[in-house]
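Fold and contact review
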Amino acid sequence: MVFKKRFAPRRKFCRFCADKELPVNYKRPDILRDFITERGQILARRITGVCAHHQRLLTREIKRARQMALLIYTATHDSVVKKKSMI
Ligand SMILES: [Zn+2]
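Figured I'd write up the structure that's included with this text. (Residues numbered from 1 in each chain as written. Predicted model: local features only at pLDDT ≥ 70, side-chain atom pairs only at ≥ 80, totals over all residues.)

Side note on the overall build of the protein
Heads up, the condition is: Helical segments are the DSSP runs of H or I of at least four residues, strand segments are the runs of E of at least two, and each set is numbered from the N terminus. Exposure is read from a count of other C-beta atoms within 10 Å of each residue's own; the residue is exposed at 12 or fewer, buried at 20 or more and partly exposed in between. C-beta atoms are placed from the backbone.
Scanning the protein from N- to C-terminus turns up five helices and zero strands. For the protein, the N- to C-terminal ordering of α and β elements is α-α-α-α-α. Taken over 87 residues, the protein has a buried fraction of 10%.

As C-alpha coordinates, this is what we get:
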(Lines give C-alpha, C1' and ligand atoms only; values in the text may rest on other atoms or scores of the structure.)
Protein backbone atom coordinates (compact mmCIF):
# COMPACT_ATOMS: atom_id res chain seq x y z
CA MET A 1 0.00 0.00 0.00
CA VAL A 2 1.28 3.37 -0.96
CA PHE A 3 0.87 6.22 1.46
CA LYS A 4 0.24 9.54 -0.14
CA LYS A 5 1.65 12.61 1.48
CA ARG A 6 -1.21 14.45 3.06
CA PHE A 7 0.79 17.57 3.84
CA ALA A 8 3.46 19.29 1.88
CA PRO A 9 6.66 18.82 3.89
CA ARG A 10 7.40 22.11 5.57
CA ARG A 11 10.81 22.61 7.03
CA LYS A 12 10.72 23.37 10.73
CA PHE A 13 13.04 26.11 11.81
CA CYS A 14 14.09 27.72 15.03
CA ARG A 15 12.19 30.98 15.41
CA PHE A 16 14.87 32.41 17.67
CA CYS A 17 17.69 31.63 15.24
CA ALA A 18 15.72 33.05 12.33
CA ASP A 19 14.97 36.26 14.18
CA LYS A 20 17.93 37.33 16.25
CA GLU A 21 15.94 40.24 17.66
CA LEU A 22 13.37 37.91 19.21
CA PRO A 23 14.24 37.73 22.91
CA VAL A 24 14.15 34.54 25.00
CA ASN A 25 13.33 36.20 28.27
CA TYR A 26 10.96 35.63 31.18
CA LYS A 27 9.91 39.26 30.80
CA ARG A 28 8.22 38.35 27.53
CA PRO A 29 5.60 35.74 28.52
CA ASP A 30 3.70 36.57 25.31
CA ILE A 31 6.50 34.89 23.32
CA LEU A 32 7.03 32.04 25.80
CA ARG A 33 3.33 31.25 25.70
CA ASP A 34 3.75 29.98 22.13
CA PHE A 35 5.97 27.19 23.46
CA ILE A 36 3.70 25.81 26.18
CA THR A 37 0.42 23.93 25.93
CA GLU A 38 -2.78 25.47 27.22
CA ARG A 39 -2.32 23.29 30.29
CA GLY A 40 1.07 24.84 30.87
CA GLN A 41 3.38 22.05 29.71
CA ILE A 42 6.52 23.02 27.84
CA LEU A 43 6.29 21.78 24.26
CA ALA A 44 8.93 19.35 22.99
CA ARG A 45 11.56 20.49 20.53
CA ARG A 46 10.41 18.02 17.91
CA ILE A 47 7.03 19.74 17.87
CA THR A 48 8.09 23.38 17.90
CA GLY A 49 11.25 22.96 15.82
CA VAL A 50 13.35 25.07 18.17
CA CYS A 51 17.06 24.26 18.14
CA ALA A 52 18.76 22.60 21.13
CA HIS A 53 20.46 25.77 22.27
CA HIS A 54 17.30 27.85 22.29
CA GLN A 55 15.23 25.03 23.81
CA ARG A 56 17.57 25.10 26.80
CA LEU A 57 17.18 28.85 27.16
CA LEU A 58 13.46 28.52 26.62
CA THR A 59 12.87 25.99 29.40
CA ARG A 60 14.90 28.10 31.81
CA GLU A 61 13.01 31.26 30.97
CA ILE A 62 9.61 29.53 31.11
CA LYS A 63 10.45 28.24 34.58
CA ARG A 64 11.50 31.74 35.65
CA ALA A 65 8.31 33.20 34.23
CA ARG A 66 6.30 30.64 36.23
CA GLN A 67 8.01 31.73 39.43
CA MET A 68 7.18 35.31 38.63
CA ALA A 69 3.57 34.20 38.07
CA LEU A 70 3.67 35.32 34.45
CA LEU A 71 2.92 31.80 33.20
CA ILE A 72 0.92 28.91 34.68
CA TYR A 73 2.41 25.73 36.14
CA THR A 74 -0.70 23.61 35.49
CA ALA A 75 -4.34 24.13 34.55
CA THR A 76 -5.51 22.43 37.77
CA HIS A 77 -5.82 25.57 39.81
CA ASP A 78 -7.61 27.35 37.02
CA SER A 79 -10.25 24.60 36.71
CA VAL A 80 -10.75 24.47 40.50
CA VAL A 81 -11.40 28.19 40.55
CA LYS A 82 -13.84 27.89 37.65
CA LYS A 83 -15.73 25.04 39.37
CA LYS A 84 -16.04 27.05 42.57
CA SER A 85 -17.29 30.10 40.74
CA MET A 86 -19.96 27.99 38.99
CA ILE A 87 -21.51 26.88 42.31
ZN1 LIG B 1 17.83 28.51 17.75
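A few points about the environment of Gly-40
Keep this limit in mind: Two residues form a contact once the distance between their C-beta atoms, set from the backbone, is within 7 Å.
Among the secondary structure elements, Gly-40 is positioned in the loop between α2 (29–32) and α3 (45–48). On the basis of neighbour count, Gly-40 is assigned to the partly exposed category, with 17 C-beta atoms found within 10 Å. As a C-alpha pair, Gly-40 and Tyr-73 span 33 residues in sequence and 5.5 Å in three-dimensional space. Dropping the residues within four chain positions of it, Gly-40 is found in contact with Leu-71, Ile-72, Tyr-73, Thr-74 and Ala-75.

So, unusual backbone geometry
One non-glycine residue, Ala-69, adopts positive backbone phi at about 60°. A residue is classified by how many C-beta atoms lie within 10 Å of it, and Ala-69, with 9 of them, is exposed.

Some remarks on the environment of Arg-66
Topologically, Arg-66 is positioned in helix α4 (residues 52–67). When near neighbours in sequence (up to four residues on either side) are disregarded, Arg-66 contacts Leu-71 and Tyr-73.

Considerations on α4
We count it as follows: To estimate the expected span of a helix, count its residues, drop one, and scale the result by 1.5 Å.
With 16 residues, α4 extends 23 Å between its outermost C-alpha atoms, agreeing within 8% with the 22 Å of an ideal straight helix rising 1.5 Å per residue. Buried residues in α4 make contact with α2 and α3. Of the residues trailing α4, Ala-69 is marked for its positive phi of about 60°.

Description of the nonpolar core
Buried together is how nonpolar side chains tend to be arranged in soluble globular proteins. Under the convention used in this document: By convention in this section, buried Ala, Val, Leu, Ile, Met, Phe, Trp, Tyr and Cys residues joined through C-beta atoms within 7 Å make up a nonpolar core.
In this structure, Val-24, Leu-32, Phe-35, Val-50, Leu-58, Ile-62 and Ala-65 together form the largest nonpolar core, which totals seven residues. Residue contacts for Leu-58: discarding those within four places in its chain leaves Val-24, Phe-35 and Val-50.

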